[in-house]
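Spelled out from the first residue to the last, the chains are:
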Amino acid sequence: MPLSYSTPKDLSLSDLATQETVVHIDGLSKWYGNFQVLHGIDLSVKKGERIVLCGPSGSGKSTLIRCIGHLEVAEKGVIRTLGADLAKPCAARRRALQEVGMVFQNFNLFPHMSVLQNCTLAPMSVRGLSRQQAGDQARHYLNKVGVDNQADKYPSQLSGGQQQRVAIARALCMEPKVMLFDEPTSALDPEMVNEVLEVIVNLADTGMTLLCVTHEMGFARQVAERVLFLDAGRIIEDLPPAKFFTAPTSDRARAFLAQIRH
Amino acid sequence: MSVDDLLNLFLNRELLERYGPRLFDGLLVTGKLVAISFSLGMLLGLGLALGRLSGNRWVRGFTGVYVYFFRGSPLLAQLFLLYYGLGSFKHFWQDLGLWWFLRDAWYCTLLAFTLNTAAYQAEILRGALLAVPQGQREAAQALGLSRWTSFGKVILPQSLLIAIRPLGNELILMIKASAIASLVTVYDLMGVTKLAFSRSFDFQVYLWAAVLYLLIVEVLRRVLKRLEQSLSKHIG
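Computed from a predicted structure; not experimentally measured.

Overview of the packing of helix H4 (residues 115-126) of chain A against helix H6 (residues 160-172) of chain A
Residue and element names in this part refer to chain A.
Item 1. Interaxial distance between H4 and H6 falls to 8 Å at its minimum, and their mutual angle equals 25°. Classified by the angle between their axes, H4 and H6 sit roughly parallel to one another. When the axes of H4 and H6 are compared, the crossing they make is right-handed. Across the interface between the two elements, Val-115, Asn-118 and Cys-119 from H4 touch Val-166, Ala-169 and Arg-170 from H6.

So, the sheet that holds strand E6 (residues 100-103) of chain A
Residues and elements named next belong to chain A.
Item 1. One open sheet accounts for six strands, arranged E6-E7-E8-E3-E9-E10; its pairing is mixed. If you trace the sheet from one side to the other, it starts and ends with E6 and strand E10 (234-239), each paired once. Direction aside, the axes of adjacent strands within the sheet are offset by 15° on average.
Item 2. Relative to strand E9 (residues 226-231), strand E3 (residues 50-54) runs parallel, the two sharing four bridges. Across the sheet, residue Ile-51 finds its bridge partner in E9, namely Arg-226.
Item 3. The sheet strands contacting H6 are E6 and strand E7 (178-182), and the helix crosses E6 at an angle near 170°.

Here we look at the sheet that holds strand E1 (residues 21-32) of chain A
All names here are of chain A.
Item 1. If you walk across this open sheet you meet the four strands as E2-E1-E4-E5, and the pairing is antiparallel. Of all strands in the sheet, those with a lone pairing partner are strand E2 (35-46) and strand E5 (84-85), marking the two edges.
Item 2. The sheet contact formed by strand E4 (residues 76-81) and E5 spans two bridges and is antiparallel. Paired with Thr-81 across the strands is Ala-84, a residue of E5.

What counts as what
Residues numbered from 1 in each chain as written. Chains lettered and ligands numbered in written order. Predicted model: local features only at pLDDT ≥ 70, side-chain atom pairs only at ≥ 80, totals over all residues. Axes fitted to C-alpha atoms, helices over the stretch in contact; angles between N-to-C directions. Helix = DSSP H or I, 4+ residues; strand = E, 2+ residues; numbered from the N terminus. Parallel < 35°, antiparallel > 145°, perpendicular 65-115°, else oblique. Left-handed = near helix turned anticlockwise from the far one by under 90°. Contact = placed C-beta atoms within 7 Å. Pairing = 2+ DSSP bridges.

Below is the structure:
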């Protein structure tokens, strides 16, 4: 399938060497009741890195992303997001999590508010922006994602692709340092998948640190610097996309790629 | 029987002149009683609903017992327990300085109705809060909204839309249940009607009372319908 968007420029080795670690995970394990969904995950994400997580369903990739955004709490191990230990409830953690934006599979827009209100609520309430400032900022990001002419509509009046783009703009209005995407295009009709992926690629171009759980392998190949392959709660592969898609080291990854390639 | 006679059976002019105004006063009393107790009950009910959803076992247990008691026993029994039951400990309440409240039928009725409707509204609101998709809370959290803002601006408005029909039901039920107030000497619509009947021995006063109750409920139904329509404009 031909892709219409450009490849973002990769960072040079020296850039990577001097960058701060924005997410550091050490020995993370999580259980849902008796079922262990994450087995001792170790991961380090540097600023500006673009990471795609893929793998079969039930592999724990969504859970991992949600743990990073503190929507789930792990029983064992340490997660440090933007320097704050997520296990310790305190102001530092709250401030760090405000710099993490998340985009969900089913958009989760607030249906009783207009698109503009969706985008201005958090900046006004959390960052104390005035209505005017928040509105201007919202229109700026809505413009960036290509839905600024829908600002006064309600989510139910928009298509899925538009809604997801609004969701991305809403997250961007908080000017986060890290953006987490949990299968952003999985709930979209095929025609709308590209418009959302294009937005994410443009976002990657700006140097935003991205962690994206997705099944869109073409997108992964274009955008990712690292592809993480998870299976049964473990990171099996952690390779640059060129290597991952041509010569993965594990059988499990090979089997996965063979299935999706046909 | 002539048309006049027939009309007199249901709409006797003399009776209307004598007892009509009083019936109207009774209507106002009913209105006040239901409006105040429903509103206060809603505030208390919201608190109870949050208590029922709390992470704390004791809070959940206590609010659970409250709801169980007030939904499980008749309103009449609750009212009598309050007015006659607690009222029989006159000296105790006088010492506490609360006698002025419990000796008054109006305050007792208000309290009993508030406590009762709060239990029903608690369950309605709890169901409505649970019906708001979890994704909404997650999105609010991901945006860094505080617990209060998330609740007040995101969750509660959506839950009120879900709750409006059952709450409307509860309001209508309260209006009819308010007739019980007449049993403790409160001159609401039913109380006045009973008085009119005891003086005139003409059953048509009960007919008027029934029609007036019907009228209130119908007006309310339309108002609620409008409210629901305006609140759900955003739904596709």
